[in-house]
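A closer look at the structure
Each chain, letter by letter, is given below.
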Amino acid sequence: MIIKLNRDTYSGADGSSLSDDRCQQIVDLYDFWLNHPGVTYRELQNAAVEESLYAGKAASIIRTFCKLLKKLAFVYYEDSLPFAFTDMGAIFVKTHKALIEAQKTDNIILAAKLSELKQTLIMGGIEEMSKNADYEEHPIWIAIGLLNNFDTIDWKEHYYALYLFYQKNFTWDEVVTKIKENRARNIVYEVQNAEGEPLANTGYSYIRSLLLEAGLITNNKSTSTLVSTNKTFIEKINKF
């Protein structure tokens, strides 16, 4: 089945997740911010460029991950107000720092506990995001809805659900019914942009990574499966 998606349908996902490399960049920004109290977001970017944080690529790197951190309520910034890490954001940074130290000392039990705490904090951030009306149409909620209904998701189904929900104006119940029918028929999806070109996986790859980093899913090639112990959490934040 060929699915042609308009750009507005699949855009909106963040260009970042919380990989280890990204978390180290966040730690570096946190430490940098502590030495620059009271600066605005723009002033923080400018100072980071001037002082060669991230080898001179600071403006684009900070812009990339701070959008996600703001959605997760880990940082707060507005044009004329001071940039700040929230309490939850500061705890996230300190947890990641402690996790790295535990891994260096091969303290397996402590590392496991800290990794679990880090996942819990990311889950908390996703929950905060779910409460913010500004992010009501973020494509992550389609993924959450599919996991809530099926416990598994093939990520091309995520594109298909976006297509039905936003381009064809299906109700969510109709989307679920159609995917059930297609699963029974073993339908294979070919996803294209409006010009008929193959669509890259960037429309969902960062969402998938964030859900994995939160410990909500496990991955197997193009399919993800909900971790059963997190079913209650998924039900709580599901918007459908």
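Before reading further, recall that the structure is shown in the block above.
This text gives an overview of the structure that appears in the document. (Residues numbered from 1 in each chain as written. Predicted model: local features only at pLDDT ≥ 70, side-chain atom pairs only at ≥ 80, totals over all residues. Heavy atoms only, no water.)

Remarks on the overall build of the protein
A tally of helices and strands in the protein yields 11 helices and 7 strands. Its C-alpha radius of gyration of 19 Å places the protein within 12% of the 18 Å reference for a compact globule of 240 residues. With the principal axes as the frame, the protein shows a C-alpha extent of 60 × 45 × 30 Å. Counting the 240 residues in the protein, one finds 47% classified as buried. (Helix = DSSP H or I, 4+ residues; strand = E, 2+ residues; numbered from the N terminus. Rg over C-alpha atoms; globule rule 2.2 N^0.38 Å. Buried < 20%, exposed > 50% of the residue type's maximum accessible area, 1.4 Å probe, protein only.)

Here we look at the sheet that holds strand β6 (residues 217-220)
With respect to topology, 3 strands assemble into an open sheet ordered β4-β7-β6, the strand pairing being antiparallel. The sheet terminates laterally at β4 (152-154) and β6, the two strands that pair on one side only. When the angles between neighbouring strand axes are averaged without regard to direction, this sheet yields 20 degrees. Packed on one face of the sheet, helix α8 (residues 155-167) meets β4 and β7 (223-226) and runs near 80 degrees to β4. (Pairing = 2+ DSSP bridges. Axes fitted to C-alpha atoms, helices over the stretch in contact; angles between N-to-C directions. Contact = heavy atoms within 4.5 Å.)

Regarding the side chain of Ser224
When you line up the elements, Ser224 lands in strand β7. Engagement of the side chain of Ser224 in a polar contact is seen with the side chain of Asn219, the distance being 2.5 Å. Every residue in contact with Ser224, bar those within four places of it in the chain, is listed here: Leu147, Asp151, Thr152, Ile153, Trp155, Arg208, Ile217, Thr218 and Asn219. (Polar contact = N/O pair within 3.5 Å; in protein donor to acceptor, adjacent residues only side chain to side chain.)

Side note on the environment of Leu147
Mapped onto the elements, Leu147 comes out in helix α7 (residues 140-150). Judged by relative accessible area, which is 0%, Leu147 ranks as buried. As for Leu147 and Ile234, which are separated by 87 residues in sequence, their C-alpha atoms are 7.7 Å apart. Once you skip the residues sitting within four places of it in the chain, Leu147 turns out to touch Thr152, Ile153, Leu211, Ile217, Ser224, Leu226 and Lys231.

Observations regarding the nonpolar core
In a soluble, globular protein the nonpolar side chains are often hidden away together inside. In terms of nonpolar packing, the biggest core is built from 74 residues, with Leu18, Leu29, Phe83, Phe85, Ile126, Leu211 and Leu216 touching the most fellow members. Here this core takes 8 residues from α7, the largest share from any one element. For Leu18, the residues in contact, after removing those within four places along its chain, are Cys23, Ile26, Leu68, Leu69, Leu72, Phe74, Phe92, Ile122, Leu210 and Glu213. (Core = buried A, V, L, I, M, F, W, Y, C linked by side-chain atoms within 4.5 Å.)

Quick look at the packing of aromatic side chains
A complete count under the given rule lists 16 aromatic pairs for this structure. Their ring planes at 25 degrees and their centres at 6.3 Å tell us that Tyr41 and Phe83 sit as a pair that is stacked. Here Phe83 lies in the loop between β2 (75-76) and β3 (84-85) and Tyr41 lies in helix α3 (residues 41-50), a separation of 42 residues in the sequence. When the ring of Tyr160 is compared with that of Tyr163, the centres are 6.4 Å apart and the planes differ by 20 degrees; the resulting orientation is stacked. With Tyr160 and Tyr163 both in helix α8 and 3 residues apart, the pair spans about one turn of that helix. For Tyr160, a relative accessible area of 3% translates into the label buried. Of the aromatic side chains, those joined through ring pairs into one cluster are Tyr30, Trp33, Tyr41, Tyr77, Phe83 and Phe85. Positioned over the ring face of Phe150 is Arg183, at 4.4 Å from the centre of the ring. (Phe/Tyr/Trp six-rings, centres within 6.5 Å; stacked < 30°, edge-to-face > 60°. Lys NZ or Arg CZ within 6 Å of the ring centre and 35° of its normal.)

A few points about unusual backbone geometry
In this structure, Ala73 is a non-glycine residue whose phi angle is positive, near 65 degrees. Relative to the helices and strands, Ala73 resides in the loop between α4 (58-71) and β2. Here Ala73 falls in the partly exposed class, since its relative accessible area comes to 25%.

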